[in-house]
Amino acid sequence: MKMSKFYVPTLREVPAEAELISHQLLLRAGMIRKLVSGVYTYLPLSVRVLKKIETIVREEMDAIDSQECLMSALCPSELWKETGRWDDFGPEMFRLHDRHNREFCLGPTHEEVFTNLIRHELKSYKQLPLSLYQIQTKFRDEKRPRFGLMRGREFTMKDAYTFDKDEEGMKVAYQQMWEAYEKVFNRCGLNFKIVEGDSGAMGGSDSHEFIAMSEVGETQIAYCTSCDYAATDEKAACKYDIHSDETVQNMEKVSTPQVKTIDELVAFFNVSADTFVKTLIFKAKEDVVAVLIPGNRELNELKLFKHLGVQEHDFEIADEATVKEVTNAEVGFAGPIGLKIRILVDERVPKMRNVIIGANETDFHFKNANYGVDFQGEVVGDLLMIEASDACPKCGGKIEMDRGNEVGNIFQLGTKYSKALNATFLDENGKEQLIVMGSHGIGVSRTLAAIIEQYNDENGIIWPLSVAPFHVIITVVNSKKEEQQALGEKLYHDLKAKGLEVLLDDRNERAGVKFKDAELIGIPIRINVGREAEENIVEVKMRRGGDVLNIKTDEIMSVIEKEFEFQNVSL
Ligand code: ATP
Ligand code: MG
């Protein structure tokens, strides 16, 4: 491709709307443009990268005998009603009607549609195991679409579904996907960790997430410094424990004018945050509930959802009016005593002694309050978010925290969908059995963004060769000089003939502009054809760094081959 014809509208300025580096660079490198919040137009350069990632995914799926299908994004509501997810998905699902007023959604994921296909086609154990996948556009009306391609409302996903006759088969399929995903993300050049995930709205038992590491990633993970334990913060059991041998004292009411937050209370009472019990008030569906946790810790909402049996979209922090109504006090003075609503208690609270709690009266707290003596509730186990320095739930070692973006996940679904949709087969004894399923996603467009997050510098993107939109960029330094233009053209044709993907910057632009663009769009191998063109000498430089080589044109191929070898990519 010649730059003079190629549509790459690069931008010099950092767009104000973009916080994340990948989002900024995708816009600046002329790869995407926003259509509307969370919905993007992919320009030629990003389409090339997406296709590269898709090819890697396809090759690794095909290698484990998963077979590509393509389902419609337009899905009838009936299937989703059969599994209950028409309601469970809540506002994240894009819904629409046809001219006959029949309800549809734009598929946010396709368990229902694949299971529906199979239930009508598959009859016998002889047809199992089966693994199908698609690479397709998904639609989710995300609460907070943001960070460019990281969290869009329309995005490209690879979703695979495995069908087995028993749990054991499902686990084999799970392991195969695990290994295929490792290959995919390694080939994309990503630095990633595999962590235990929560199965959330997907249902089922085991699940793992593939997290591309990034300091500013949306997902926080906890990992053990002594063993192989790693999980998303939401999923991780929290091993924080409390031992107090203080003697129980008499509770006292204390005037705390305008002292509301934990920080203000810590300063006012001059004690540490673990002397407090926080009373948090939430709305869960039609109910208002209170939650008690140690004052120095954060609530893990996911653990609470499970106890309450609600979905995330049915849950919110109570507004000021509700807090006032249930506590008879201003916000900041809520406590468990006298509350007429359900009170869920983290398992550590009963072990705490002589704590400070809100008094449900504006400007007052109680000190020396004790669970079982002065207040109580429903103790529901662990409700805390894991933190660095907690003990590892597996081996007791030290936990550390890190961040990243979830680029893929694998789920053992079991029979959740086959049961709901009655997808069965006849086993060896002619007995009808439920198909045992797995569901396995890769965020293809998110992967593209995650790669940029890991591969960039102050000048732009640094594509790994495996996913680069082009392997080589040839910059004609002064396109008015005939010999430079001619050599540029010749190299362009020669390298293309060798099977390389080459971009020729033949534009009648200043050298500085061309170099800046080449850096910004991040093509891995750069050849500058300049002053020494007449002697057949060019400059070769790798975008990832290293020395600038001044070499004869007949040495170019060996330099390129070495770079492919170095990056472990076959030419
Ligand atoms: P998240 O926790 O980030 O919302 P999820 O658990 O909802 O992800 P899945 O339903 O498992 O995600 O989807 C499979 C993959 O699709 C994810 O691993 C992720 O890479 C990608 N993905 C999910 N939501 C989005 C989105 N809004 N934009 C881009 N990619 C997404
Ligand atoms: Mg999600």
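Quick caveat: nothing in here was measured; it's all calculated off a predicted structure.

**Section: the packing of helix α1 (residues 21-28) against helix α11 (residues 444-454)**
The description of two packed helices rests on the angle between their axes and on the distance between the axes.
Phase 1 of the analysis: Where α1 meets α11, the closest approach of the two axes is 8 Å, and the angle between their N-to-C directions is 100 degrees. Regarding the angle of α1 to α11, the classification is roughly perpendicular. From α1, Ile21, Ser22, Leu25 and Leu26 reach across to α11, where they touch Leu448, Ala449, Ile452 and Glu453.
Phase 2 of the analysis: For the contact of α1 with α11, the residue count by class is 6 nonpolar, 1 polar and 1 charged.

**Side note on the sheet that holds strand β30 (residues 537-542)**
Phase 1 of the analysis: Pairing in this open sheet of 5 strands is mixed, and the strands run β28-β27-β29-β30-β31 from one edge to the other. Of all the strands in the sheet, just β28 (502-505) and β31 (549-552) have a single pairing partner and so form its edges. With direction set aside, neighbouring strand axes in the sheet form an average angle of 25 degrees.
Phase 2 of the analysis: Examined bridge by bridge, strand β27 (residues 472-476) and strand β29 (residues 525-529) share 5 bridges and lie parallel to one another.

**A few points about the environment of Val548**
Phase 1 of the analysis: Residue placement: Val548 occurs in the loop between β30 and β31.
Phase 2 of the analysis: By relative accessible area, which is 42% here, Val548 ends up partly exposed.
Phase 3 of the analysis: For Val548 and Ile221, which are 327 residues apart along the polypeptide, the C-alpha to C-alpha distance reads 40 Å.
Phase 4 of the analysis: Those residues in contact with Val548 that lie beyond four places of it in its chain are Glu539, Val540 and Lys541.

**Re unusual backbone geometry**
Phase 1 of the analysis: Here the bond from Leu128 into Pro129 is cis, since omega is 0 degrees, no more than 30 degrees from zero.
Phase 2 of the analysis: By secondary structure assignment, the location of Pro129 is in the loop between α5 (111-121) and β7 (130-139).
Phase 3 of the analysis: One non-glycine residue, Asn368, adopts positive backbone phi at about 55 degrees.
Phase 4 of the analysis: Relative to the helices and strands, Asn368 resides in strand β19 (residues 364-369).

**Observations regarding helix α6 (residues 167-187)**
Phase 1 of the analysis: For α6, with 21 residues, the first-to-last C-alpha span of 30 Å sits near the 30 Å given by 1.5 Å per residue.
Phase 2 of the analysis: Listed as buried for α6 are Gly169, Met170, Ala173, Tyr174, Met177, Ala180, Tyr181, Val184 and Phe185. Buried residues of α6 fall within an arc of 135 degrees about the axis and therefore sit on the same side. Pointing more than 90 degrees away from the buried face of α6 are the exposed residues Glu168 and Asn186.
Phase 3 of the analysis: In the segment just after α6, Gly189 is the residue with positive phi, at about 80 degrees.

**Topic: the domain arrangement of the chain**
Phase 1 of the analysis: Assigned domains within the chain: domain 1 (31-72 + 106-236 + 401-453), domain 2 (252-381) and domain 3 (464-566).
Phase 2 of the analysis: Centre-to-centre, using C-alpha coordinates, domain 1 lies 38 Å away from domain 3.
Phase 3 of the analysis: Taken together, the contact pairs 9 residues of domain 1 with 9 residues of domain 3.
Phase 4 of the analysis: Three residues, Leu45, Arg48 and Lys52, lead the burial of domain 1 against domain 3; their summed loss comes to 63% of the area buried on that side.
Phase 5 of the analysis: Across the domain 1-domain 3 interface, the total number found is 1 salt bridge.
Phase 6 of the analysis: Residues Glu501 and Lys52 are paired through a salt bridge, measuring 2.6 Å at the closest nitrogen-oxygen approach.
Phase 7 of the analysis: In this assembly, domain 1 and domain 3 are joined by 4 residue pairs in polar contact (both at pLDDT 80 or more).
Phase 8 of the analysis: Per-element tally for the side of domain 1 that touches domain 3: the top contributor is helix α2 (residues 44-63), with 6 residues.

**Brief notes about the sheet that holds strand β16 (residues 315-317)**
Phase 1 of the analysis: Across the sheet, which stays open at both edges, the 5 strands sit in the order β16-β14-β15-β17-β20 with mixed pairing between neighbours. In this open sheet, the two edge strands, each paired with only one partner strand, are β16 and β20 (378-379).
Phase 2 of the analysis: Of the strand pairs in this sheet, strand β14 (residues 277-284) and β16 are connected by 3 bridges, and their pairing is antiparallel. Bridged to Phe282 within β16 is Ile317.

**Quick word on the site of ligand 1**
Phase 1 of the analysis: Taken together, 16 residues surround ligand 1, and among them Arg140, Arg151, Gly152, Glu406 and Asn409 come closest.
Phase 2 of the analysis: The backbone of Gly152 places a nitrogen or oxygen atom 2.8 Å from a nitrogen atom of ligand 1.
Phase 3 of the analysis: In this structure, Glu406 approaches ligand 1 through a side-chain N or O atom, which is 2.6 Å from an oxygen atom.
Phase 4 of the analysis: Isolated, ligand 1 exposes 580 Å² of accessible area, and the fraction of that covered by the protein chains is 85%.
Phase 5 of the analysis: Within the residue set of the shell around ligand 1, elements represented by two or more residues are β8 (154-164) and β21 (399-414).
Phase 6 of the analysis: Looking at the shell around ligand 1, the element that brings in the most residues is β21, giving 5 residues.
Phase 7 of the analysis: Split into classes, the residues belonging to the shell around ligand 1 amount to 7 nonpolar, 4 polar and 5 charged.

**Points about the nonpolar core**
Phase 1 of the analysis: Ranked by internal contacts, the top residues of the largest apolar core, which has 57 residues, are Ile53, Met61, Phe185, Leu190, Leu448 and Trp463.
Phase 2 of the analysis: Looking at this core, the elements that each hand over two or more residues are α1, α2, β7, α6, β10 (207-213), β21, α11 and α13 (511-521).
Phase 3 of the analysis: The greatest single-element share of this core, amounting to 7 residues, is contributed by α2.
Phase 4 of the analysis: Those residues in contact with Trp463 that sit more than four places away from it in its chain are Met31, Val49, Leu448, Ile451, Ile452, Ala468, Pro469, Ile521, Gly522 and Pro524.
Phase 5 of the analysis: In this structure, Leu302, Ile341, Tyr371 and Val380 belong to the second largest nonpolar core, which totals 40 residues.

Definitions and limits used
Residues numbered from 1 in each chain as written. Chains lettered and ligands numbered in written order. Predicted model: local features only at pLDDT ≥ 70, side-chain atom pairs only at ≥ 80, totals over all residues. Heavy atoms only, no water. Axes fitted to C-alpha atoms, helices over the stretch in contact; angles between N-to-C directions. Helix = DSSP H or I, 4+ residues; strand = E, 2+ residues; numbered from the N terminus. Parallel < 35°, antiparallel > 145°, perpendicular 65-115°, else oblique. Contact = heavy atoms within 4.5 Å. Nonpolar A, V, L, I, M, F, W, Y, C, P; charged D, E, K, R; others polar. Pairing = 2+ DSSP bridges. Buried < 20%, exposed > 50% of the residue type's maximum accessible area, 1.4 Å probe, protein only. Expected span 1.5 Å × (residues − 1). Arc of directions from axis to C-beta. Domains from an automatic or database assignment. Buried area = accessible area lost by both parts, 1.4 Å probe. Salt bridge = Lys/Arg side-chain N within 4 Å of Asp/Glu carboxyl O. Polar contact = N/O pair within 3.5 Å; in protein donor to acceptor, adjacent residues only side chain to side chain. Near = heavy atom within 4 Å. Areas by Shrake-Rupley, 256 points an atom, 1.4 Å probe, with all protein chains shown as cover. Core = buried A, V, L, I, M, F, W, Y, C linked by side-chain atoms within 4.5 Å.

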